[in-house]
Amino acid sequence: MKGSISFFILCFLVIYPVCAQKKAVIRGNITDATDNLPLVGATVLFDSTKGTVSDTAGIFMIEVLPGRYTLDIKYIGYKSKRVVVNTVNADAQHVHVELYPETQMLDEIVVSANKYEQKISDVIVSMDIIKADRIAAGNTTSLEYIINQSPGIDILDGQPRIRGGSSYSYGAGSRVLVLVDGLPILSPDAGDVKWEYLPVENISQIEIIKGASSVLYGSSALNGIINIRTAYPKNKPFTKVILFGGLYMNPKREALVWWDNQPVLFGASAFHSRKAGNLDLVFGYHGFNDGGYRENEWDKRNRVNMNLLYRDKKIKGLSYGMNFNQMIHDKIDFFLWQNADSGAYRQNTSAVARLKGFRLNVDPYIEYYNDKGGKHSLKTRYFRIKNNYPDIPDKDNAASYFYAEYQYHKRFLKPVELTFGMAAAYADITSILYENHTSLNGSLYSQLDWQMLKRLKLSLGVRFEAYQLDDTWEYTRPVTKTGMPDWLADGEYPIPVFRAGMNYQPAEFTFLRASFGQGYRFPSVAEKYTATSLSAMHIFPNPDLTSEHGWSAELGLKQGFHIKSWTGMLDFSLFQTRYTDMIEFTFGIYKPDSVPIPTFDHIGFKALNIGNARITGFETILGITGNIFSIPVTLQAGYTYIYPVDLDFDTAKNNSSSGTNILKYRFRHSVKADVELSWKKLSTGFCLIYNSFMENVDKVFIDPVMGNLILPGYPEYREQHRKGYMIVDHRLSYQVVGFLQVALITKNLFNREYIGRPGDIGPPRNITLQLSVSF
C-alpha cells in the first residue's frame, strides 16, 4: 500500500510541472503574396496531424505548449509553405505568411464542381473556365456571346446546350442551369435565361460543368450548369469605365439590306470596387442601345448591380452581405422572317411584339467559418420579373421567386471533404398567356469527397427533391411499382438521384477521371400551359407533361506539359448521356375531341414526353501559353463530336426532316478556338467557331406547303445551304498609356451568311470601337 502511494506521488511530481506549464499562443495571418488579400480556409498543420484553418480575414490561432513547432500552411491553388515558430521564451508569437499562386492551367481554382474550392485538375467532371479579361476583350454586351465560344457549348437563339444535350424549345425550359454566385437565375415561369440581364461588367470568372449536375444543383441541371461568379475588391480601390460604339456593315447578299443608313450600336459600362475597413463594396453599371441588324428588332437597356460583404468585428469567422442586380429594358425580339430573300432580315409583322421589362434580384447571405475547418452558409434570393407588351396586353406576365439554401461544408485535416445542404423555393406567377400558377419545391443533398490514397480521390453524392406545381407533385425520380402502401395510391414512390466519380493522378501532370451522374428536370410552366400563335405557327398547352430524367457518364484524361517556354494542358473525354421521357416540342395535329374535323388552327407545336434518347461522343481541348520570337501567345481550342439518336424513333410517325433517328437541332461536329498575341503595347486576337450542317429539323419546316406557310422560302433555302459554317471574330487593342486602352473589335470578320434555327440568319460583319479607362 505504501509502495502504491509512493508511486502515485512520484507520478504527480513528474507530470504536474508539465501540465501546469502556461500555454503559448501562435497567431498569424495568411495572405496572397501578389495582392495581399486574405486567404480564407487555408489549412495550418503542426505535429503532422493537429491544426486549424484561417478565418474570413485570413487569421488563425493555435494554443500550444512552449516549444519549437513547424507549421505547414496549405491552400488550394497556392504553393505550400513551411514556417518554424519558437514559443519557448514567449507567451505569444505572430507570423505573417504569404503564399504564392500556382501559375499553371492545371492549378486554376473552381468552386462549382463540388460547391467548394478545388483545383480544376482535381475535379471528376469536364469543366471550362472563362476569365474576366477574355470577357472584356471581345466587348461582350451579353454573356451568350462569350459562352458560345467554349468547346462543346452552343447557344441556339438564346438557349444553352452542352454537348448536344438540348433541342430548340421556343424559349421555354432549359436543361442547363444558369446560376449567379451559385444561385439559380432561370425565370420561374418560362424556365429560361435572359443573357442580357447577367452583369458582364462585374464578373470574376464563369465556370461551366458538362454533364448531369442535379445532385448538387437540382432540377434544370440535367445537362450541366453555367455559374457566373461576380467580383470582389482587392486591397486597392479599382475603377474601370468602358465606352463603345459600332455599326453593322452590309451583308454580302445585297437583297438582305433593308436600311438606308447603317444600323448602329453603342453603350457604356462602369465598375468600381474598394475595401472600407471590414466592408467590401462593388458597384457596376451597364447601358446599351442596339439598333439591330434586322427590321423591327432593337434593344435598349440599363442595368445596375452592387455587392456588399461585411466581416464581423466581434465574432471571428462571421461575415454577411447582400448582392443586388436590376435591369429595365425596352426591346423587340426577332422570331419569324418575311421570306428567305429580301425579307430574311425583315420580321414578319404578325410576330412583332414590343416588350417593356423589369428584372430585379436581391441576394442576402451569411457565412460562418469555425477554426475546426467547418463552414456554414445561408444564401437567399428574391427574383422579380415583370414583362409588359404595350401592343399585346394578353402576353403580359409577372413572377416572383423566393429561394433559400443552407449549406454546411467540413474540411477535415485528414483528406475528407463533407458537404451537406438543403434548399427551398417558392414561385408566384401571374399571366394571361399561361394563366396563374404557384410552385413550391424542397430538397436535401449531400456529398462526400475522400482522398483514399495519395493520388486517388473518390466522390459520392445523393439528392432528393420534391416539386409541387399548383396541386401536382413530382419528385427527383419516381418509380412505379404495384403493391405499395395505400398512401401511394398512384403506385409511385420517390427515390433520390446519385452521383459518383474518381480522380486518379498516375504522374505529376497526368490526371484520369471517371464520373456518373443522374439528373432530372421538372417542366416549366410555359411548356405546360402556353397557348399562343405567331403568324401561321401555333403553340398548344400540355398540362399532362411530366418531368424528364437521365444520366451522364464520362471518362477523361487531363495532361499538363511544359516544353521550353511553352506550358499547357490537353484534355480528352469520352461521354454518353441518356434521357428518359425527354421533353421536345413536336409538330402535329392537336384538336379537341369535340372537334370532328381539324383545321389549320389545330396544327402546330406542343411539348411532349417523346421517349428515350442517347447522345455519345468525345471532346478534346488544348490550352497553351508560350512565346514566339519573344511574343507572348495564348491558344485555347477544342473539338466536339456527338452522335445524338432517338431510341424510340418510329418511321411511321417520322417528324424529322432527314427521315432518320438523329435528334433535331444538333451540330455533330463543332470546333471552337481562340488565340491571342501581345507585343509591347499592342495585342491582337482571333476567335473561330465552326459548326457542321444541322442535319435534322422539324419535318414541317421543309414541307413545300406548311414550310412555306410558316417560314416562306425556308425549304428552298435549306436545300441551297446544306453545309456547315465558320465564323471568325478579330480584336485589336493598343495600350495608349497605363490607364487608357483603345480597341477595335470586328465580329464576323469575313462577313459570312449563316443560320442557326430555321429562319434565324446571324448578323453580318459589325465593327465596334472601344475605349477603356482603368485606375
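Definitions and cut-offs
Residues numbered from 1 in each chain as written. Predicted model: local features only at pLDDT ≥ 70, side-chain atom pairs only at ≥ 80, totals over all residues. Heavy atoms only, no water. Salt bridge = Lys/Arg side-chain N within 4 Å of Asp/Glu carboxyl O. Helix = DSSP H or I, 4+ residues; strand = E, 2+ residues; numbered from the N terminus. Buried < 20%, exposed > 50% of the residue type's maximum accessible area, 1.4 Å probe, protein only. Phe/Tyr/Trp six-rings, centres within 6.5 Å; stacked < 30°, edge-to-face > 60°. Pairing = 2+ DSSP bridges. pLDDT = per-residue confidence, 0-100. Contact = heavy atoms within 4.5 Å. Axes fitted to C-alpha atoms, helices over the stretch in contact; angles between N-to-C directions.

Moving on, we come to the pattern of salt bridges. Within this structure, the stated rule accounts for 37 salt bridges. For the salt bridge of E584 with R666, the shortest nitrogen-to-oxygen distance reads 3.7 Å. A residue pair is termed long-range when its members are at least 10 positions apart, and E584 in strand β36 (residues 566-589) and R666 in the loop between β38 (631-646) and β39 (669-679) qualify at 82 residues. Overall, the relative accessible area of 5% leaves E584 in the buried class.

A word on the packing of aromatic side chains. Under the criterion given, the structure shown has 26 aromatic pairs. Taken together, a centroid distance of 6.4 Å and an interplanar angle of 80° make the contact between F701 and Y714 edge-to-face. Here F701 is found in the loop between β40 (682-691) and α6 (706-710), whereas its partner Y714 is found in helix α7 (residues 714-720), with 13 residues between them in sequence. Looking at F701, the relative accessible area reads 4%, which means it is buried.

Another aspect to go through is the pairing of strand β32 (residues 510-521). Put simply, side chains in a regular strand alternate between the two faces of the sheet. β32 sits mainly inside the fold: ten of its twelve residues count as buried. Connecting strand β31 (residues 497-507) to the antiparallel partner β32 that follows it, the hairpin turn spans two residues. Both β32 and strand β35 (residues 548-563) contribute to a ladder of twelve bridges, which runs antiparallel. Among the inter-strand pairings, R513 is bridged to a residue of β35, identified as G556.

A residue-level look at the protein chain finds 92% of positions with pLDDT of 70 or above and a mean pLDDT of 88. Across residues 12-20, where pLDDT falls below 50, the model places one contact with residues more than four positions away in sequence or in other chains. Counted against residues more than four places away or in other chains, residues 480-489, with its pLDDT under 50, gives seven contacts.

Moving on: the sheet that holds strand β2 (residues 43-46). Across the sheet, four strands lie side by side as β3-β2-β5-β6; this open sheet has antiparallel pairing. Strands with a single pairing partner mark the edges of an open sheet, and in this sheet they are β3 (50-53) and β6 (81-86). Taking the axes of each pair of neighbouring strands and ignoring which way they run, one obtains an average angle of 25° across the sheet. With three bridges connecting them, β2 and strand β5 (residues 68-74) associate as antiparallel partners. Opposite L45, over in β5, you have D72 as the bridge partner.

Turning our attention to the sheet that holds strand β7 (residues 92-99). An order of β4-β1-β7 is seen for the three strands of this open sheet, with the pairing classed as mixed. Strands at the two margins of the open sheet, each flanked by one partner only, are β4 (59-64) and β7. Taking the axes of each pair of neighbouring strands and ignoring which way they run, one obtains an average angle of 20° across the sheet. Sheet topology note: the strand β1 (residues 24-32)/β7 ladder contains eight bridges and is parallel. By the bridge assignment, I30 is partnered in β7 with V97.

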